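For reference, the chains in residue letters:
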Amino acid sequence: MAAPKVAVVGAGLIGLSTALRVAEAFPSCCVTVLSEQFSPNTTSDVAAGMLIPHTYPGIPIHVQKQWFKETFTNLFAISNSAEASEAGIHLVSGWQVFKNPPKDEVPFWSDIVLGFRPMSTAELQKFPQHRSGQAFTTLKCNCPPYLQWLEKRLKANGVQMHTRKVADLWELHSEYDIVVNCTGIGAHHLVGDEKLFPVRGQVLKVHAPWVKNFIREGDGSTYIYPGIYSVTLGGTREKESWGLSPDPGTTKDIFDRCCSLEPSLQQAQDIKVKVGLRPSRLCVRLQREVLSRGGAKLLVVHNYGHGAGGFSVHKGTAEEAARLVGECIAALQGSSSRAKL
Ligand code: FAD
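Residues numbered from 1 in each chain as written. Predicted model: local features only at pLDDT ≥ 70, side-chain atom pairs only at ≥ 80, totals over all residues. Heavy atoms only, no water.

Under the annotation held in an unreviewed UniProt entry, the protein carries the name D-aspartate oxidase and is attributed to Chauna torquata. In UniProt, the protein has this text filed under Function (unreviewed entry): "Selectively catalyzes the oxidative deamination of acidic amino acids. Suppresses the level of D-aspartate in the brain, an amino acid that can act as an agonist for glutamate receptors. Protects the organism from the toxicity of D-amino acids. May also function in the intestine." As stated in UniProt under Cofactor (unreviewed entry), the record for the protein gives "FAD". (UniProt positions renumbered as here; feature names shortened; annotations may be inferred.)

Below is the structure:
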């Protein structure tokens, strides 16, 4: 059989990382990324990019832990390499603070991040409104650089990238053998997934180079995440809100909440406001599906619905999606050898 042609639809974090894993795992395949938008115009470009997992209620914790571990291990290796600067990946230390002690004192990911420990009394003095906290070191991806670095790696692996809005997966049937759906919130319309909903997030990117440690309210409602070029201040979580325009009242509210955690942010400058729609679901849709229409079949792998935690698990879910693509290739090879008999 001829080399299978694989279309990955979507060029956010999930589409690019999945396309890269498929191209690496199956070098004989011809992989193409098709997307309506590329960096810097995706949800992934808005994100803070911190590796702190969000919990998906519909997925067993050991699976989520494995996805996080694969992602952390892979990105930790990049952060220790000469590629770190171009890829926009670095270690960052800081504190997660609680006004009331958390139900689970030790989160499931505590042994994957580095140096997880309760905060000391001296550290807690910095946060007079909080009663307890956890200190650890994790990784941060800076976007757009990370997405652009992934695009560069894709090109080096011979992957083509084209701007194209896909209105129906069937329109790819005559050109591709396998379609990988990584359209994030776009899957709500593309495949009519009613379980997928937006959780609108507004963040500020500010110039405050003296802020070196992250600070996060334990429930994730307010956060300060220093990156290479700016500090991300957040945030909001508005379920079922599709609006992409920044709200000035929300901007002031975010700024005030962050200043209450880190008063020196009053001196922050060059405030830019960004909005993104988290593609949320009870569980990530990581699934193989065979679509049928009038006797024709289309092999599809879905990889979307990463909600508030795409950066934290993207390498793990890309690995699983590539495994599902491998199953599709085996099915294609099986049907082509049966046709020859
Ligand atoms: P997207 O980045 O939205 O990519 C989808 C792609 O599909 C785009 O290229 C789009 O153009 C394309 N597309 C859609 N429909 C079609 C179509 N019909 N035809 C062709 N192309 C199509 N996660 C973390 O782990 N850590 C964080 O600190 C963090 N912070 C966040 C802060 C905010 C404010 C927000 C909004 C999110 C944050 N997230 C964070 C979550 C993370 O950003 C998402 O989980 C992740 O970006 C989802 O990536 P994606 O590739 O699925 O979606």
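There is more to say, and it comes next.
(A) Highlighting the UniProt feature "domain: FAD dependent oxidoreductase" (unreviewed entry) in the protein. Residues given the UniProt feature "domain: FAD dependent oxidoreductase" (unreviewed entry) here are residues 5-324. Between the C-alpha atoms that bound residues 5-324 the distance is 15 Å, and the span itself is 28% helix and 31% strand. (Helix = DSSP H or I, 4+ residues; strand = E, 2+ residues; numbered from the N terminus.)

(B) Focus on the pattern of salt bridges. Taken as a whole and assessed by the stated rule, the structure comprises 21 salt bridges. Between Glu320 and Arg323 there is a salt bridge whose closest N-O contact spans 2.9 Å. Here Glu320 and its partner Arg323 are both found in helix α9 (residues 310-340), three residues apart, which amounts to about one turn of the helix. Judged by relative accessible area, which is 44%, Arg323 ranks as partly exposed. Ionic contacts of the salt-bridge type, sharing partners, join the residues Arg21, Glu24, Arg153 and Glu319 into one network. (Salt bridge = Lys/Arg side-chain N within 4 Å of Asp/Glu carboxyl O. Buried < 20%, exposed > 50% of the residue type's maximum accessible area, 1.4 Å probe, protein only.)

(C) Structural context of the site of the ligand. Ser35, Gln37, Ser44, Val166 and Gly307 are the nearest of the 36 residues found near the ligand. With respect to the ligand, the side chain of Ser35 contributes an N or O atom lying 2.9 Å from an oxygen atom. In the model, an oxygen atom of the ligand is placed 3.0 Å from a nitrogen or oxygen of the Ser312 side chain. Within the complex, 95% of the 1000 Å² of free accessible area of the ligand lies under protein. Of all the secondary-structure elements, those providing two or more residues to the shell around the ligand are α1 (13-25), α2 (43-46), β8 (197-207), β13 (269-280) and α9. Split by residue class, the shell around the ligand holds 14 nonpolar, 18 polar and four charged. (Near = heavy atom within 4 Å. Polar contact = N/O pair within 3.5 Å; in protein donor to acceptor, adjacent residues only side chain to side chain. Areas by Shrake-Rupley, 256 points an atom, 1.4 Å probe, with all protein chains shown as cover. Nonpolar A, V, L, I, M, F, W, Y, C, P; charged D, E, K, R; others polar.)

(D) Here's a closer look at the side chain of Lys140. Tracing the backbone through its elements, the reader meets Lys140 in strand β5 (residues 132-141). Although Lys140 is buried, it makes no salt bridge; Asp45 carries the closest opposite charge, 11 Å away. Here Ala48 takes part through its backbone oxygen, which lies 2.8 Å from a polar atom of the side chain of Lys140. Discounting chain neighbours no more than four positions away, the residues touching Lys140 are Ala48, Gly49, Met50, Gly88, Ile89, His90, Val92, Tyr225, Pro226, Gly227 and Thr232. (Lys, Arg positive; Asp, Glu negative; His and termini not counted. Contact = heavy atoms within 4.5 Å.)

(E) Region of interest: helix α3 (residues 61-79). Spanning 19 residues, α3 covers 26 Å between terminal C-alpha atoms, matching the ideal 27 Å at 1.5 Å per step. Those residues of α3 not exposed but buried are Gln64, Trp67, Phe68, Thr71, Phe72, Leu75, Ile78 and Ser79. End-on, the buried residues of α3 take up no more than an arc of 125°, which puts them together on one face. (Expected span 1.5 Å × (residues − 1). Arc of directions from axis to C-beta.)

(F) Structural detail: the pairing of strand β10 (residues 223-226). Here β10 shows no split at all, with Tyr223 and Tyr225 on one side and Ile224 and Pro226 on the other all buried. In this sheet, β10 lies alongside strand β9 (residues 214-217) in antiparallel orientation, the contact comprising two bridges. Following the sheet pairing, Arg216 is matched in β10 by Tyr223. As paired strands, β10 and strand β11 (residues 231-234) are joined by four bridges and run antiparallel to one another. Each residue of the ladder has a partner; that of Pro226, found in β11, is Val231. Connecting β10 to the antiparallel partner β11 that follows it, the hairpin turn spans four residues. (Pairing = 2+ DSSP bridges.)

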